[in-house]
Amino acid sequence: MTGLALSEKIMIGTALLGGMSGVIGSFAVLRGRSLVGDMLAHAALPGVCLAFLLLGTRNLLGLSLGALATGLLAVAAVTGIVRWTRTKEDAAIGIVLSTFFGAGVVLLSVIQKPGVGGNKAGLNGYLFGEPGNMLTGDLYLLAGVAFVVLMTVALFFKEFQLVCFDTDFAQSQGWPTLLLDLAIMAALALVTIVGLPIVGVILMAAMIILPAATARFWTNRLHVMLLLAGGFGIAAGLLGTQLGRNYPAGASIVLTGAAIFLFSLLFAPQRGMVSRLMTEFRLRRRIAREHLLRSLYELGESQLPELAELHLEQIVADRYWKPRTLERLLDIAVDSNWIKRTDQTIQLTPVGLRHAAELTKTHRLWELYLMQHADIAADHVDRDADEVEHLLPESLLLQLQQQLADEGRLPLIISEVPKSPHEIGTDNT
Amino acid sequence: MGTTAFEIHDMTVAYHRRPVLWDIDLQIPEGKLVGIVGPNGAGKTTLIKAALGLVPLASGKVEIYGQSYNQQRQIVGYVPQRESVDWDFPVTVRDVVLMGTYGQLGWFRRPGRVEREIADRCLQQVDMAPLANRQIRQLSGGQQQRVFLARALAQAARLYFLDEPFAGVDAATETAIVELLHTLRSTGKTVLVVHHDLQTVREYFDYVILLNMRLIACGPVESTFTQENLQKTYGGRLTLLDEAAEAMRIRESQ
Amino acid sequence: MPTIFAETILFALLPEISVGGWIVLTGIATNAACAVVGCFLVLRRMSLMGDAISHAVLPGLVLAFLFSGSMSILPLFVGAAAVGIVTTFLTQSLHQYARVPSDASMGVVFTSLFALGVVLVKKYVSGLHFDIACVYEGSLELVPFAEPVAGLPRPLFTTLVVLGINLVILVLFWKELKVSSFDPSLASTMGFSATAMHYLLMVMVAVTTVASFEAVGSILVVAMLIVPAATAHLLCDRLGIMIALSVAIGAASALLGYAAGVWFDTNLAGMMTVVAGGIYALAVFLSPRHGIVSAVMKNMQVSLRVLREDLLAMLYRVEELASDKPISPEQAQQAIGGGWQARWALRGLARMGQIQRSPERLTLTDAGRDAARALVRSHRLWETFLVEHLGMPLDHVHQPAHRVEHYIDQRLQQELESELSTTGQDPHGREIPK
């Protein structure tokens, strides 16, 4: 590695940092500890200064050990404050973060004094991030930490997952939840501290949070999330240092990460905003369509098995449709061969009737069920009307059907009607 | 009476020195469905958590098949309250059920084919097999509860603790859970269930623990779930226990 | 050293326009302005929003600076307020609509905005009077040399204006701020929007932060927002007093921080922060009501009392058995667990005149016997209660009664008495003393 140019070293270094902070950051975010990275980063400053004062060099390993010491002290302080005083966790983090940072600023200005012999510029890298100072030895340190952290995650993946998801259950199975939690924190601390000289105190928090939060948009599996977060972290590191050559490295890396986050926020499948709006829109359209068919069925129910010819005004009056919405729905229904339409009248086709009868039946079953059996569970997530047959036990379903039949409200599904050419209901989401 | 599956001796549990359970002493024979019944704040969940070692005991001890919880943890299954976890966590239904096998797996070993088969079988038992690959957020309350049950089944335990499995679930899930409980009983398992609905106690359980800060009664439903005992549990005077507990708290914090 | 402290305090109090005086005044004004807002942040458990906003305002400042071309107050405030609103809105929306956990969404928003600010500074403002290091740690030392506005150095003037604004808002919206901090839903039912109050507070935080920026920087301002408020919270329970106290604590840390900073010849704002942290640590240990020391003391007092009472009760029981065998102090100490606590307990009883001791024998005095009788009475009443009301077996009631007896006062004794059917004898057949 000794033959590497500075730009190559920077690339490798930022990529390593991005990758490992993405992976360990995922656990921090899922555990609700996103801002612990922020605190560790701030609390590291006095440690860096002290280590410099004691050792008199800018050796990354020495400074990192100093940072680690005060970082862990800060974590202990927050834990102690929350445990023993009435100060809440948020305030405790704020207090420790700012007080430690204040102490760091004080020490920095001591170092700056002539006679102490410190050149402040060297330590300033810790504040703002100076990957330009990176030495080959620093790369070894980064790689070493990355190896340790990634191996820890790989070895304890199962355990970490369990502790993050359900601590009580994990403890009931006998896992040492406190130790596992500490292991995650320790890994987080390591990553934060070796990352400081690259991205700086404030933006280190972003390295922990951004890739993880971004990855969460793309997957529902933890291991995929870890891989993606690592990938996004690497991408942010590489792209950021390339695109933002003239800007402070930390800021350009974080902005790149933020751009990836923004893109994911908008365009990720399922969890992205666009996709969720689309889903919402389709759902609404489907519900409107079903309302129309049910309305048509109910209006003509008394004349069955004849297919009633209905007037537009009747339909409008039944549901208070907005004229434009209704027109659009009717067009769709005609296209789907559910209704026949003349100037004045609307008539269900046999295919449409069958579909409408099915919808009405399901709806009435649900209605009955919700009125009579679901008084405890106001749980509307289940009400995907198509699923009624799968969700309710057979016996209950038969009982509900019988009840509807007794009231004369059970729609008959005429079996000889040919199946809908469009295979209705395939577009449910 | 056959084997004793679960036993509490003289157990007192305190939060911040204020006792919430006083001197509980009870025995549960093997193979019973046990309802834990009592008003809000009676310490039902605390009883379970204390039994599982999740909250420290101020005094007394808990025994599972004659030994301490730590020695017997492999044969204990646990279904926490549904609200106790983040349902937006990035895991699928099958992942959650697999967690039930972690206890047996021990450190470092990953769940493999055998464990996946166990998980799928457990999911089938609660009628959730078709949803195995869904993310858990997309489940309804009742379905979430079934996933938790499947996870407990995957623990392959002999003694189960269920914390309010019927809270906020639909009628279908309630029926399914009851069927499952019966299946468990028929295979000799013992199940303790925190339960709220007095109407269904007789129907669902064969043993009952009546609890209100202290043990009111514990025994077979027919002889124990009586009007008199219920009166004691829900209407009975508790003021003395309450006042003593309050006095302890105040004296400690003065 | 004391003379230096005295001098600096004199410096600060004299109307003379000394360099140190201006610095201390600015420190005090900044701390006061921050503390007023900070109390609400701490009470609403949103301390970290203070951290987030103080960082996020950076791009707002740069843009305001670019548009107005100067560091004049008004555009900066407008920029800050706008960014405060944007930060709050984005943080909430990310959490609500995109399901990002709330702490993560805060982290995403403020770091991204800060990074944007850093890039903007570098691109447009570098070389101008806008030093990035100031963003972190401020430059309190330079305050006295800033151009004067209305006879005051500009940062001091700005801070005083903001302090004034904060106090006016505090007075105007006292009731609303108070209610919405304690119970947002109650606030909504009372007809004013908790959301509006939330945004108002966040704008106040943003503006206060910006005013303090030049003097103390973005991170140290977090200390001034949170630390004095949290300290005051440890010391008192009422909002009004808490705010006054936090302002006083803030002022004290400015003063002492200045003195210490001058003494050690180091960064003044940093030193003020460290002093504030130190005061907080003191309060953690020494707060009369919520401090650790007082909690430990209380705990020890209770356990000593329990030991004393156990000893008394033991002596009473021995008397009751009419045994002639004497109990020596050593035996008694062993019986209640031994160690220094037992020794203290014994000494305490002797001092209180409840026992008489000779090297070979302990005897109850009349006062001691009365106290012991009350204890034994509590113990046996409770045993009776456990057997009668809870149906507990005889061999299980001693331990619980032994624990509870120390907490049963006369009123509870009376209640027990009226609840129980037999009060003459305990379940073991021993007399329950009157």
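Keep in mind it's a predicted model, so treat the numbers as computed, not measured. Residue positions are given per chain, counted from 1 along the sequence in the order it is written. The lettering of chains begins at A and the numbering of ligands begins at 1, in the order of writing. Under the rules for a predicted model, residues below a pLDDT of 70 receive no local features and side-chain atom pairs below 80 are neither given nor counted, while totals for whole chains, interfaces and linings still include all residues. Each side-chain value is derived from all of the structure's non-hydrogen atoms; neither hydrogens nor water enter the calculation.

A.B. asks: Quick question: what am I supposed to make of the overall build of chain B here?
C.D. replies: The secondary structure listing takes helices from DSSP runs of H or I that are at least 4 residues long and strands from runs of E that are at least 2 residues long, numbered from the N terminus. When its secondary structure is counted, chain B shows 10 helices and nine strands. Burial analysis of chain B (254 residues in total) assigns 60% to the buried set. Whether two residues are in contact is decided by their heavy atoms, any of which lying within 4.5 Å being enough. Sequence separation of at least 24 residues holds for 69% of the intrachain contacts in chain B that already meet a minimum separation of 6. Taking the average place of the 27 positive charges on the side chains of chain B and the average place of its 28 negative ones, the gap between the two points comes to 5 Å. With a 1.4 Å probe rolled over the protein chains alone, any residue whose accessible area is under 20% of its type maximum counts as buried; one over 50% counts as exposed, and the rest are partly exposed. Counting rule applied: Lys, Arg positive; Asp, Glu negative; His and chain ends not counted. Every charge is mapped onto a representative atom, which is NZ of Lys, CZ of Arg, CG of Asp or CD of Glu.

A.B. asks: So what exactly am I meant to see when it comes to the overall build of chain C here?
C.D. replies: The secondary structure content of chain C amounts to 18 helices and four strands. Relative to the globule expectation of 22 Å for 434 residues, the C-alpha radius of gyration of chain C, 32 Å, shows a markedly less compact shape. Projecting the C-alpha coordinates of chain C onto the three principal axes gives extents of approximately 95 × 60 × 35 Å. A fraction of 71% describes how many contacts in chain C between residues 6 or more apart in sequence connect residues 24 or more apart. For this measure, only C-alpha atoms enter the radius of gyration; the expected value for a globule follows 2.2 Å times N^0.38, where N is the number of residues.

A.B. asks: What should I look at first to understand the interface of chain A and chain B in this one?
C.D. replies: Interface size, as often reported, equals the accessible area lost upon joining of the parts. Contact with chain A, which involves 39 residues of that partner, is made by 46 residues of chain B. Accessible-area loss on putting two parts together, using a 1.4 Å probe and summing over both, is the definition of buried area adopted here. Together, the buried faces of chain A and chain B total about 3,600 Å²; carbon and sulfur atoms form 58% of this surface. Summed over the three residues of chain A that lose the most area to chain B, namely Lys158, Phe165 and Phe169 of chain A, the buried surface amounts to 21% of that side. The rule for a salt bridge is simple: a side-chain nitrogen of Lys or Arg has to be within 4 Å of a carboxyl oxygen of Asp or Glu. Viewed at the interface, chain B and chain A are joined by five salt bridges. Between Asp95 of chain B and Arg221 of chain A there is a salt bridge, and its shortest N-O distance comes to 2.8 Å. Breaking the side of chain A that touches chain B down by element, the ones donating at least two residues are α6 (136-155), α7 (157-165), α8 (167-172) and α11 (222-243) of chain A. Per-element accounting of the side of chain A that touches chain B gives the leading share, seven residues, to α7 of chain A.

A.B. asks: Sorry if this is basic, but what is going on with the interface of chain A and chain C here?
C.D. replies: The interface of chain A with chain C comprises 53 residues on the first partner and 56 residues on the second. In total, about 4,500 Å² of surface goes out of reach between chain A and chain C, with carbon and sulfur atoms giving 72% of it. One can count one salt bridge joining chain A with chain C. Arg86 of chain A is the partner of Asp237 of chain C in a salt bridge, and the nearest nitrogen-oxygen pair spans 2.9 Å. Secondary structure elements with two or more residues in the side of chain A that touches chain C: α2 (36-55), α3 (60-84), α4 (89-112), α5 (120-128), α10 (201-218), α12 (249-267) and α13 (273-300) of chain A. The dominant element in the side of chain A that touches chain C, judged by the number of residues it contributes, is α4 of chain A, at 16 residues. Grouping the amino acids of the side of chain A that touches chain C by side-chain chemistry returns 33 nonpolar, 11 polar and nine charged. Side-chain classes follow a simple rule in which Ala, Val, Leu, Ile, Met, Phe, Trp, Tyr, Cys and Pro form the nonpolar group, Asp, Glu, Lys and Arg form the charged group, and the remainder, Gly included, forms the polar group.

A.B. asks: How should I be thinking about unusual backbone geometry in this particular structure?
C.D. replies: Trans peptide bonds make up most of the peptide bonds, and negative phi angles are found at most residues other than glycine. All names here are of chain B. In this structure, Asp10 takes a positive phi of about 50° despite not being glycine. Within the chain, Ala156 stands out as a residue other than glycine whose phi angle is a positive 50°. Counting through the fold element by element, Ala156 comes out in the loop between α5 (141-154) and β6 (159-162).

A.B. asks: Explain the sheet that holds strand β2 (residues 339-341) of chain A to me, please; I cannot follow it from the model alone.
C.D. replies: Two orientations exist for strands paired in a sheet by backbone hydrogen bonds: parallel and antiparallel. Residues and elements named next belong to chain A. Taken in spatial order, the three strands line up as β1-β3-β2 in an open sheet, and their pairing is antiparallel. The open sheet has two edge strands, β1 (309-311) and β2, and neither has a second partner. In this sheet, adjacent strand axes meet at a mean angle of 30° when their direction is disregarded. All axes are obtained by fitting lines to C-alpha atoms, using only the stretch in contact for helices, and the reported angles, taken between N-to-C directions, cover 0 to 180 degrees. Across the sheet, α13 touches β1, β2 and β3 (345-348), and the angle it forms with β3 is around 95°. By the convention used here, strands pair only if DSSP detects at least 2 bridges between them.

A.B. asks: Sorry if this is basic, but what is going on with the pattern of salt bridges here?
C.D. replies: It is possible for side chains of opposite charge to pair when their charged atoms get near one another. All names here are of chain B. Going through the model one piece at a time under the given rule, you end up with 21 salt bridges over all chains. Ionic pairing is found between Asp88 and Arg137, a salt bridge with its closest N-O pair at 3.8 Å. On the criterion of sequence distance, the pair formed by Asp88 in the loop between β5 (76-79) and α3 (93-105) and Arg137 in the loop between α4 (113-125) and α5 is long-range, its members being 49 residues apart. Classification of Asp88 as buried rests on a relative accessible area of 12%. In this structure, the salt-bridge partner of Glu117 is Arg113, at a minimum N-O distance of 3.4 Å. Highlighted residues: Glu117 and Arg113, both in helix α4, separated by four residues, approximately one helical turn. For Arg113, a relative accessible area of 61% gives the class exposed.

A.B. asks: I would appreciate a short explanation of the nonpolar core in the present structure.
C.D. replies: Considering soluble globular proteins, one finds that nonpolar side chains tend to be buried as a cluster. Counting residues in each nonpolar core, the largest one holds 272 residues, and the members touching the most others are Phe6 and Phe161 of chain B. At 26 residues, the largest contribution of residues to this core is made by helix α10 (residues 194-235) of chain C. Discounting residues that sit within four places of it in the chain, Phe6 of chain B has contacts with Leu26, Gln27, Ile28, Ala51, Val62, Glu63, Ile64, Leu159, Phe161 and Leu192 of chain B. If you look at the next biggest cluster of nonpolar residues, it comprises 25 residues, including Trp22 and Leu240 of chain B together with Val306 and Val397 of chain C. What we call a nonpolar core is a set of buried Ala, Val, Leu, Ile, Met, Phe, Trp, Tyr and Cys residues that are connected through their side-chain atoms within 4.5 Å.

A.B. asks: Explanation requested: the packing of helix α13 (residues 292-320) of chain C against helix α16 (residues 366-390) of chain C in the structure shown.
C.D. replies: Packed helices, taken two at a time, are described by their axes: the angle between them and the distance between them. Residues and elements named next belong to chain C. At a minimum axis separation of 8 Å, α13 and α16 run at an interaxial angle of 90°. Between α13 and α16, the interaxial angle falls into the category roughly perpendicular. Across from Glu309, Leu312, Ala313, Tyr316, Arg317, Glu319 and Glu320 in α13, the residues of α16 making contact are Gly368, Arg369, Ala371, Ala372, Arg373, Leu375, Val376, His379 and Arg380. Partitioning the contact of α13 with α16 into residue classes produces seven nonpolar, two polar and seven charged. Orientation labels follow simple angle bins: below 35 degrees gives roughly parallel, above 145 gives roughly antiparallel, 65 to 115 gives roughly perpendicular, and whatever is left gives oblique.

A.B. asks: Sorry, what's going on with a nonpolar patch on the surface here?
C.D. replies: All names here are of chain A. Patches draw on residues past 30% relative accessible area with no salt bridge. Two like charges within 9 Å are joined, as are two nonpolar side chains (Val, Leu, Ile, Met, Phe, Trp, Tyr) within 5 Å. Throughout, the Shrake-Rupley method with a 1.4 Å probe supplies accessible areas, and for residues the shown protein chains are the sole cover considered. There is a patch of nonpolar side chains on the surface, built from Trp218, Leu262, Phe263, Leu266, Phe267, Val274 and Met278 and spanning about 640 Å² of accessible area. Secondary-structure elements contributing two or more residues to the nonpolar patch are α12 and α13. For the nonpolar patch, the element with the most residues is α12, which contributes four residues. When you line up the elements, Leu266 lands in helix α12. Taking the relative accessible area as the measure of exposure, Leu266 reaches 33% and is therefore partly exposed.

A.B. asks: Any chance you could explain the state of the cysteines here in plain terms?
C.D. replies: Here is the idea: a disulfide is a covalent bond, and it sits between the sulfur atoms of two cysteines. Residue and element names in this part refer to chain C. Note on disulfides: each one is a pair of cysteine sulfur atoms within 2.5 Å. All chains considered together, the criterion is met by zero disulfides over all chains. The closest cysteine sulfur to the non-disulfide-bonded Cys39 is located on Cys236, 8.1 Å from its own sulfur. A relative accessible area of 0% means that Cys39 is categorised as buried.

A.B. asks: Quick question: what am I supposed to make of helix α1 (residues 6-30) of chain A here?
C.D. replies: Along an α-helix, a turn takes 3.6 residues, which lines up residues three or four apart on a common side. Residue and element names in this part refer to chain A. By this rule the span expected of a helix is its residue count minus one, scaled by 1.5 Å. Compared with the 36 Å implied by 1.5 Å per residue over 25 residues, the 36 Å span of α1 between its first and last C-alpha is a close match. Maximum bend of α1: about 30°, positioned at Ile24. Of all 25 residues making up α1, 19 are buried, and the element is well covered by its neighbours. Once α1 finishes, Gly32 follows within two positions and takes phi at roughly 75°, a positive value. To obtain the bend at a residue, axes are fitted to the seven residues ending there and to the seven starting there, and the angle between these axes is taken.

A.B. asks: Teacher, can you tell me more about the domain arrangement of chain C here?
C.D. replies: Residues and elements named next belong to chain C. All the domain ranges listed were derived from an automatic or database domain assignment. As far as domains go, chain C holds domain 1 (2-286), domain 2 (294-364) and domain 3 (368-419). Spacing between the C-alpha centres of domain 2 and domain 3 amounts to 20 Å. Contact residues are listed per partner, giving 13 residues for domain 2 and 13 residues for domain 3. For the domain 2 and domain 3 pair, buried surface summed over both sides reaches about 1,200 Å², with 53% attributable to carbon and sulfur atoms.

A.B. asks: Help me understand the environment of Phe385 of chain C, please; the structure alone is not making it clear to me.
C.D. replies: Considering the arrangement of structural elements, one finds Phe385 of chain C in helix α16. In sequence terms Phe385 of chain C and Leu74 of chain C are 311 residues apart; their C-alpha atoms lie 73 Å from each other. Setting aside residues up to four positions removed in sequence, Phe385 of chain C forms contacts with Leu240 and Leu241 of chain B together with Leu390, Leu416 and Leu420 of chain C.

A.B. asks: Quick question: what am I supposed to make of the packing of α2 of chain A against α10 of chain A here?
C.D. replies: All names here are of chain A. Where α2 meets α10, the axes come as close as 8 Å, and the angle between the chain directions of the two elements is 150°. In terms of orientation, α2 and α10 fall into the roughly antiparallel class. Crossing of α2 against α10: the hand is right-handed. Along its contact with α2, which presents Gly37, Asp38, Ala41 and His42, the element α10 presents Val201, Ile202, Met204, Ala205 and Ile208. When grouped by side-chain class, the residues that make up the contact of α2 with α10 number six nonpolar, two polar and one charged. Each crossing gets its handedness from the near helix: less than a right angle anticlockwise from the far helix is left-handed, clockwise is right-handed.

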